[in-house]
Amino acid sequence: MAKAIAKDTEEKPVTPPLATWAPAVALGWLIPGGGHFLLKRTGRGILLLAAVTVMFLSGLMMRGAMFHPQNGDLLTVLINWGGFLGDVCGGIFYLLSVWLGYNQPDVAGHVHDYGTKFLVAAGLLNLLAVVDAFEIAAGRKD
Amino acid sequence: MPKMTLSHFEAAMLFSLCTSVVMGVVTKRTDRERLQYGVYIFACFVVALFGIGWLMYLGHG
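The paragraphs below set out a description of the structure included in this document. Since the model is a prediction, treat every value here as computed from it, not as a measurement. (Residues numbered from 1 in each chain as written. Chains lettered and ligands numbered in written order. Predicted model: local features only at pLDDT ≥ 70, side-chain atom pairs only at ≥ 80, totals over all residues.)

### Some thoughts on the overall build of chain B
Step number 1: When helices and strands are tallied, chain B shows 2 helices and 0 strands.
Step number 2: At 15 Å, chain B has a C-alpha radius of gyration far larger than the 10 Å of a compact globule built from 61 residues. (Helix = DSSP H or I, 4+ residues; strand = E, 2+ residues; numbered from the N terminus. Rg over C-alpha atoms; globule rule 2.2 N^0.38 Å.)

### Some remarks on the overall build of chain A
Step number 1: Secondary structure assignment for chain A yields 7 helices and 0 strands.
Step number 2: Going residue by residue from the N terminus, the α and β elements of chain A occur as α-α-α-α-α-α-α.
Step number 3: The C-alpha atoms of chain A give a radius of gyration of 18 Å, which is well past the 14 Å a tight globule of 142 residues would have.
Step number 4: For chain A, the C-alpha atoms occupy an extent of roughly 65 × 40 × 25 Å along the three principal directions.
Step number 5: Across the 142 residues that make up chain A, the buried fraction comes to 39%. (Buried ≥ 20, exposed ≤ 12 C-beta atoms within 10 Å, placed from the backbone.)

### Quick notes on the interface of chain B and chain A
Interfaces are often sized by the accessible area lost when the parts come together.
Step number 1: Tallying the contact residues gives 17 residues for chain B and 22 residues for chain A.
Step number 2: When the residues that make up the side of chain B that touches chain A are grouped by side-chain class, the tally is 12 nonpolar, 3 polar and 2 charged. (Contact = placed C-beta atoms within 7 Å. Nonpolar A, V, L, I, M, F, W, Y, C, P; charged D, E, K, R; others polar.)

### Re the environment of A:Asp106
Step number 1: Along the chain, A:Asp106 turns up in the loop between helix 6 (92–99) and helix 7 (110–137).
Step number 2: For the pair A:Asp106 and A:Met66, spaced 40 residues apart in sequence, the C-alpha separation works out to 8.2 Å.

### Considering the packing of helix 4 (residues 42–61) of chain A against helix 7 of chain A
All names here are of chain A.
Step number 1: It is the contact of helix 4 with helix 7, at a shortest axis distance of 7 Å, that shows an interaxial angle of 160°. When the axis of helix 4 is compared with that of helix 7, the two are roughly antiparallel. Crossing hand, helix 4 versus helix 7: left-handed. Judged by residue contacts, Leu48, Ala51, Val52, Met55, Phe56, Ser58 and Gly59 of helix 4 engage Gly115, Phe118, Leu119, Ala121, Ala122, Leu125, Asn126 and Ala129 from helix 7. (Axes fitted to C-alpha atoms, helices over the stretch in contact; angles between N-to-C directions. Parallel < 35°, antiparallel > 145°, perpendicular 65-115°, else oblique. Left-handed = near helix turned anticlockwise from the far one by under 90°.)

### Describing the nonpolar core
Step number 1: Judged by nonpolar contacts, the single largest core of 37 residues is most densely connected at A:Ala51, A:Met55, A:Ala122, A:Leu125 and B:Val22.
Step number 2: Looking at this core, the elements with two or more residues in it are helix 2 (18–30), helix 4, helix 6 and helix 7 of chain A together with helix 1 (8–27) of chain B.
Step number 3: Among the elements that make up this core, the one with the highest residue count is helix 7 of chain A (13 residues).
Step number 4: In contact with A:Leu125, not counting residues within four places along its chain, are A:Ala51, A:Val52, A:Met55, B:Cys18, B:Thr19 and B:Val22. (Core = buried A, V, L, I, M, F, W, Y, C linked by C-beta atoms within 7 Å.)

### Quick word on the packing of helix 1 of chain B against helix 2 (residues 31–60) of chain B
All names here are of chain B.
Step number 1: The N-to-C vectors of helix 1 and helix 2 enclose an angle of 150°; their axes lie 8 Å apart at closest approach. In terms of axis orientation, helix 1 runs roughly antiparallel to helix 2. Once helix 1 is placed against helix 2, the crossing between them reads as right-handed. Packed against helix 1, whose contacting residues are Ala12, Ser16, Leu17, Ser20, Val21, Met23, Gly24, Val25 and Thr27, the element helix 2 presents Arg34, Leu35, Tyr37, Gly38, Ile41, Phe42, Phe45, Val46 and Leu49 at the interface.
Step number 2: Split into classes, the residues belonging to the contact of helix 1 with helix 2 amount to 12 nonpolar, 5 polar and 1 charged.

### As for unusual backbone geometry
Residue and element names in this part refer to chain A.
Step number 1: Non-glycine residue Lys40 carries a positive phi angle of around 65°.
Step number 2: Checked against the element boundaries, Lys40 lands in the loop between helix 3 (34–38) and helix 4.
Step number 3: Even without a glycine there, the phi angle at Arg63 is positive, about 60°.
Step number 4: Within the element layout of this structure, Arg63 appears in the loop between helix 4 and helix 5 (74–88).

### Structural notes on the environment of A:Phe134
All names here are of chain A.
Step number 1: Considering the arrangement of structural elements, one finds Phe134 in helix 7.
Step number 2: Along the sequence, Phe134 and Val25 sit 109 residues apart, while their C-alpha atoms lie 5.9 Å from each other.
Step number 3: In contact with Phe134, other than residues within four places in its own chain, are Trp21, Ala24 and Val25.

### Side note on helix 2 of chain B
Step number 1: Given a rise of 1.5 Å per residue, 30 residues ought to cover 44 Å, and the 43 Å separating the end C-alpha atoms of helix 2 of chain B matches this to within 8%.
Step number 2: Counting buried residues along helix 2 of chain B, only 2 of its 30 residues qualify, which leaves the element largely exposed. (Expected span 1.5 Å × (residues − 1).)

Next comes the structure, spelled out in structure tokens:
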């Protein structure tokens, strides 16, 4: 019994207090690599900022389209909501481009198509960076 | 905002480069491991790019 309880407590990672990781996660979402800067991982933060920025700006310059939430059949919901969430993960780049009126319609062509995927991928890469910042802030990695 | 027109190859290489950098940074625990993993991921992307490219070329006949 005692062994089972001990095993249970070993297997479940303890969630650290919100105050230890929330600022790094929030800043990491808003500014790619920001969480790493806050946690004094400057080199890694610069690399993340550069990679996400290059990808997002390339997507904009290729005139990629932003996804908008849309309901309908399952595939439509998955693609549009998934794409929208990916775009939003881009943080300040997404917010700025929407606030500054970027509204590229979805048109045919491989360059536009790559651009759309680059915009989503930039957000997803930023999401990976945010998860990494969380793990560092939670003390699970250096 | 200037317009950028990339070929399939250029876009895929740019995608591979940015993704490899992030994957390398977030996955491993030491800088040496991160660099090695980033280079490995990039090499995998390039091999897949050429491999799938050739498959599509040969598949078209």
